[in-house]
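# Architecture at a glance
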Amino acid sequence: MRILLGFLMILVAPFAGAILSGIDRFCSARMQRRVGPPILQPFYDFYKFTQKKAYIVNGLQWLLVWGHFLFVVLSIWIIYSGEDFLLAIFSLTLSEMMLCLAAYSASAPYSNMSAQRELLQMACTEPMLLLTAIGFYLNSHSFMVSDIVSCSTPAILRAPGMFAGLLVILPIELRKSPFDVSSSHHAHQEMVKGVTTDISGRTMALVELTEWFEIFLMCTFVGLFFAYDNSLTGYLIGIAVALAVMLVMTLTDNVFPRVKWERMLAITWSTTFIAAGGNLLVLTLLQA
Amino acid sequence: MGIIEFLIFFPFVAAALLYLLGNGEKIYKARKVIVKGSSLVIMASVIYLAVRVLAGNESGSFLTEANIPNYFVMGGELLLMVLVTYYGFHYHKAYAAVLSWIGTIPVLWLDISGYAVEGLPHFRVDNLTVIMCLVVGIVGGFICIYAVGYIKDYHHHHRNFPERSNWFLAMLFVFLGAMFGLLFSDNLGWMYFFWEITSVCSFLLIGYNKLPESINNSFKALWMNLLGGCGFMAAILYANIRLGACNLSQLHLMGSQSSPGLMIVVTLLAFAALTKSAQIPFNGWLLGAMVAPTPTSALLHSATMVKAGVYLLIRIAPLMAGTMTGVMVTLIGGFTFFAASLMAIATSDGKRLLAHSTVSNLGLIVACAGVGHPESVWAATMLIIFHAVSKSLMFLCVGAVENETGSRNIEDMHGLIVKMPRMAFVMIIGICGMYLAPFGMLVAKWAALKSYIDSGSVWLVLFLVFGTASTSFYWGKWLGKIMAVIHKSQALRDTTHIGEWEAIYPLAVLVVMMCMLFPFISSYLIQPVLNQMFDTIVPPVIGGSDIGVMLLMLSLVISIPIAGVVVSRHRSGITDQNTRSYMSGINAGDDRHFLNSYGDVQPLYMSNWYMIDLIGELRILKPCQMIAASILVIFMIIIIGGAI
Amino acid sequence: MKMTKSPWVLHYDGSSCNGCDIEVLASTTPRYDLERFGIINTGDPKHADVFLITGGINFQNRMVVQQLYSQMPDPKVVVAVGICACDGGVFKDCYNILGGVDKVIPVDIYVPGCAARPESIIEGVVKALDILKKKRDRMKQGLPPEEKGWAIANIRDGKALAAQEARINAQLKMEDEAREARYRAHEEAHKE
């Protein structure tokens, strides 16, 4: 049953992610007092990329991009079939690593530079993602998602620090300012187009598709903090908060300039250390 | 003559044979046969031993009466002391000689004066011994096989070094013999003897090519390890005279009474183990050891020498659980894991990076042992196995690449996947084995994380999560460098020795196999260790559906390249087209050059990112050593002072 | 679904006086809002469908324009914005100007004006989309995207251009030979 839910969510995730991405662009436009593109714009972009020729730099790249895609999908499946949350994070890390390698394999200046920045971004997010998992563990004494959602108290009550930390690194995962140092979800930026600079056509379509999955995955991470007792209320609150967080991210994207990588490292690691680490300390002391 | 004595003596015999054979082109064939044969014999006998022990036919304690061997051990210790004294004075480094005296004379006095406790078994075989023997025997054996071809190439490229390759190979085998002795010994005095052999051996191996730098670094290794030996000596003295114990297993039995004196012994042993496993502040010797030929580094840093330290720590892990000593060891280990992985980011020399990474991973193992819970011991053992195999594979690959291209700098490995496709593929497996998801190291790290949380050590959890982040940064950079596909480059002639491949391929297969078989390794090899160590049935650490998901991930990882080959042969529809990479439109036609502002062709060079100014070794090594040293000193004063 | 709903634009400034560039940027501002057509101003030719060029072509940027064009995946269209991009404009007779964009790459839409107004730029891009669709359809049938082959038009300074190309090729060849020599030396050294 749970495994079926996992497969179902693999089908739902890209649509939900794409709509979220469309809403994001729409809201962003409205915040700048523009009309903005239609909500379905991400689908149009995706379709366009599938219709174009792929100009490839080497044969290795599309393989790695496929790996990037598959492991994000696996990550979604792991979470929705109630498996181990840590494994989902490992799978996500693996997938991001594949994208970096795809950029590296181009052996081109922009790709190379942003691949390394992407690695740095991963180094910025990984502690916090692991600590999020630890927050869930300390709440429900299990890394299994099925146990996390059926715990009697929602994780947000015991791990607010982890939640705060997660919000800080969320712009990195969603490729939004102020932390979009390797690649922005906007088309235009200083590193040309970051890790995807030398990816084109159908391969690029796959990267776009993966990004939708990632957006959905991040919403899931946020929503999981509010699930309790396997109850509908918990899930609804989770969905509502996830949507609200997405809106906040859009706002963040519009009001903050991009920071330098040193600032990014300092901000993310110190918030992780203080918020999540402090939370961890308190929880451990309470449980001892 | 049991299998134990055979395993200890046989390598010494092989070593003697190899040494007496001498050098030269003529004996090369014979030497190859001997090395390969003895390595295979060693591998076969450790497997035989493992099968017998696992089947329950051979375990327990041996050799209670050992008067004559005792004289041998004493003689050996004296010999080592004389050797170190000679070298110490010959190279004007008297401090090494003094340290050796301090370490050896009291132990000799103990044996002669009759204070030493006797009448207990000197050898012991249990599942932990078997695991370590498998690691040492199999990985060590492959390294020896590799060494034959390597050392030939090495002298081919470095003609200015005196050819002493017979001596070199002999030393490798002596090392293996000493390692086996160390693993089988239950008697602290005997363990100490083998411990000192490995110290001296590593000193001799590091100084192999007799350059001033090698000599300096070898003495660095010597004095650090002898300092640890002094700690070991003190532990033996205290245990024999005050506690009346001479065996590790005796200490275990005393653990339940938790006498304050016991903690002194445990702390001193832990100190010795920390020096041996190159934890900060003692990481200098391992970094310096990189001047030696590659098999030395591989043997010292992946399979044997450094593993001796963590082996001892795992042995005393249950005694450390929840004590101040445990806190000291976990703090040092966790700190080392984090700090060494930061320094690895700022390192571009391949071997040096591997050294930092070894130090860092050992830190993790040390921290696991210090926690002392069943889960953490599981993680520590798992880490030892996976680290030994993956790291030795990496060392051997870097050595082969250095022989081929003349450089071991990671920058020069740009585009290795085109230049040396086979080697690059194996290196990719090795690197993935070190840090990526479905592979072994990460499984162990996962268990470690779980046990850290359960034991409530907040600092350790934080060290682990931040250390993991920086670990994936430096490995990712290296992996990217290898995978870059450069336009207009071609495969180099592969001159890697067939003997080197004979070691590299099996190790690569081993890395992948072990990932697939890790549930079996866990339940048949490691679970019994926990049951023996904690005297209870310990529930499986990672089990249930997790294993299924892990295997799913692994099969995905493996199937991606295979699917790629199949799909690329049957592509239809809008076809792809090749193009050059984007360089703001000034690509000069190939991806290697661009047009500069004069309109001239200029070569392109892409460097990796090292952040030397932020976390370079020169910048943070000294402060880190200061911090770790002060932690160590303060804790030891508190523990020992408090106990006395 | 039409692929013309998401045309991504690559904007390149040839040797313009920046008047037209300002207008191109102005058309992305809230007042004109290019994005409501799904148009995005991207920096990467490999993602772009529409190549928007302002200013004439000179010796320095000729190869850049050609390379960017070659790196855009088919189907693609080129829009020349402003009179300089159309045929050289007031700079036409300068010593270094080759002329309009169509001297070096095929142009699909010409947007005249000095400077071209945002309204006309947007109209030009939208008109180009029809051509983009036609090209896509041709490509799907397995035909080349263009109806007739396009060659560099009869340029006044053909000789100088040939010399420029020859110089670069000679330099590249030298580099290639040096690398080949290094490679061979390495192979020699490793021949047992």
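Note that the coordinates shown come from a computational prediction; the quantities given were computed from them, not determined experimentally. (Residues numbered from 1 in each chain as written. Chains lettered and ligands numbered in written order. Predicted model: local features only at pLDDT ≥ 70, side-chain atom pairs only at ≥ 80, totals over all residues.)

## Some details on the overall build of chain A
- Within chain A one finds 11 helices and 1 strand.
- Listed N to C, the secondary structure of chain A is α-α-β-α-α-α-α-α-α-α-α-α in terms of helices and strands.
- Taking 2.2 N^0.38 as the reference for a compact globule, 288 residues should give roughly 19 Å; the C-alpha atoms of chain A span a radius of gyration of 19 Å, in line with that estimate.
- The dimensions of chain A, computed from C-alpha atoms along their principal axes, are 55 × 45 × 40 Å.
- Here chain A holds 288 residues, and 66% of them are scored as buried.
- A separation of at least 24 residues holds for 72% of the contacts in chain A among residues at least 6 apart in sequence. (Helix = DSSP H or I, 4+ residues; strand = E, 2+ residues; numbered from the N terminus. Rg over C-alpha atoms; globule rule 2.2 N^0.38 Å. Buried ≥ 20, exposed ≤ 12 C-beta atoms within 10 Å, placed from the backbone. Contact = placed C-beta atoms within 7 Å.)

## Observations regarding the overall build of chain B
- Each helix and strand in chain B was counted, giving 26 helices and 5 strands.
- For the C-alpha atoms alone, the extent of chain B along its principal axes is close to 85 × 60 × 50 Å.
- Across the 644 residues of chain B, 57% fall into the buried class.
- Long-range pairs, those at least 24 residues apart, make up 80% of the contacts in chain B between residues at least 6 apart in sequence.

## A few points about the interface of chain A and chain B
- The partner chain B presents 47 residues to the 55 residues of chain A that form the contact.
- Contributing elements (two or more residues each) for the side of chain A that touches chain B: β1 (55-56), α3 (60-80), α4 (85-105), α5 (109-140) and α11 (261-287) of chain A.
- Here the element with the most residues in the side of chain A that touches chain B is α5(A); it accounts for 16 residues.

## Some details on the packing of helix α15 (residues 324-345) of chain B against helix α26 (residues 617-643) of chain B
Residue and element names in this part refer to chain B.
- Taken N-terminus to C-terminus, the directions of α15 and α26 make an angle of 175°; their axes are 10 Å apart at the nearest point. In terms of orientation, α15 lies roughly antiparallel with respect to α26. Counting all contacts with α15, which are made through M324, T325, M328, L331, I332, F335, A339, L342 and M343, the residues of α26 involved are E617, I620, L621, C624, A628, I631, L632, F635, I638 and I639.
- When its residues are assigned to classes, the contact of α15 with α26 shows 17 nonpolar, 1 polar and 1 charged. (Axes fitted to C-alpha atoms, helices over the stretch in contact; angles between N-to-C directions. Parallel < 35°, antiparallel > 145°, perpendicular 65-115°, else oblique. Nonpolar A, V, L, I, M, F, W, Y, C, P; charged D, E, K, R; others polar.)

## Things to note about the confidence of the model for chain A
- For chain A, the average pLDDT comes to 90, and 98% of its residues sit at 70 or higher.
- Of all secondary-structure elements in chain A, the lowest mean pLDDT belongs to β1(A), at 79, while helix α8 (residues 160-173) of chain A reaches the highest, 94. (pLDDT = per-residue confidence, 0-100.)

## Digging into the interface of chain C and chain B
- Contacts between the two partners involve 17 residues from chain C and, on the opposite side, 17 residues from chain B.
- By residue number, the principal contributor to the side of chain C that touches chain B is helix α5 (residues 158-189) of chain C, which donates 7 residues.
- Counted by class, the side of chain C that touches chain B contains 6 nonpolar, 6 polar and 5 charged residues.

## Quick notes on the packing of helix α10 (residues 260-276) of chain B against α26(B)
All names here are of chain B.
- Between α10 and α26, whose axes approach to 8 Å, the crossing angle comes to 150°. When the axis of α10 is compared with that of α26, the two are roughly antiparallel. Two packed elements cross with a definite hand, and for α10 against α26 that hand is left-handed. Between α10, through P260, G261, M263, I264, T267 and F271, and α26, the contact on the second element is made entirely by M636, I639, I640 and A643. (Left-handed = near helix turned anticlockwise from the far one by under 90°.)

## Notes on the sheet that holds strand β3 (residues 50-54) of chain C
All names here are of chain C.
- Read from one edge to the other, the open sheet built from 5 strands follows the order β2-β1-β3-β5-β7, with strand pairing classed as parallel. The open sheet is flanked by β2 (40-42) and β7 (109-111), the only strands paired with a single partner. This sheet shows a mean twist of 30° between the axes of neighbouring strands, independent of strand direction.
- In this structure, strand β1 (residues 8-13) lies alongside β3, joined through 5 bridges in parallel fashion. If you follow D13 over to β3, its bridge partner there is T54.
- Sitting on the sheet, helix α1 (residues 19-26) is in contact with β1, β3 and β5 (77-81), with an inclination near 140° to β3. (Pairing = 2+ DSSP bridges.)

## Describing the confidence of the model for chain B
- With 97% of its residues at a pLDDT of 70 or more, chain B has an overall mean of 86.
- For this predicted complex, the interface score ipTM comes out at 0.94, while the overall pTM is 0.93.

## Concerning the pairing of β5(C)
Residues and elements named next belong to chain C.
- β5 sits mainly inside the fold: 5 of its 5 residues count as buried.
- Taking every second residue as pointing to the same face, both faces of β5 are buried, with V77, V79 and V81 on one and V78 and A80 on the other.
- Here 3 bridges tie β5 to β7, and the two strands are oriented parallel to one another. The residue bridging V79 from the neighbouring strand is I109, located in β7.

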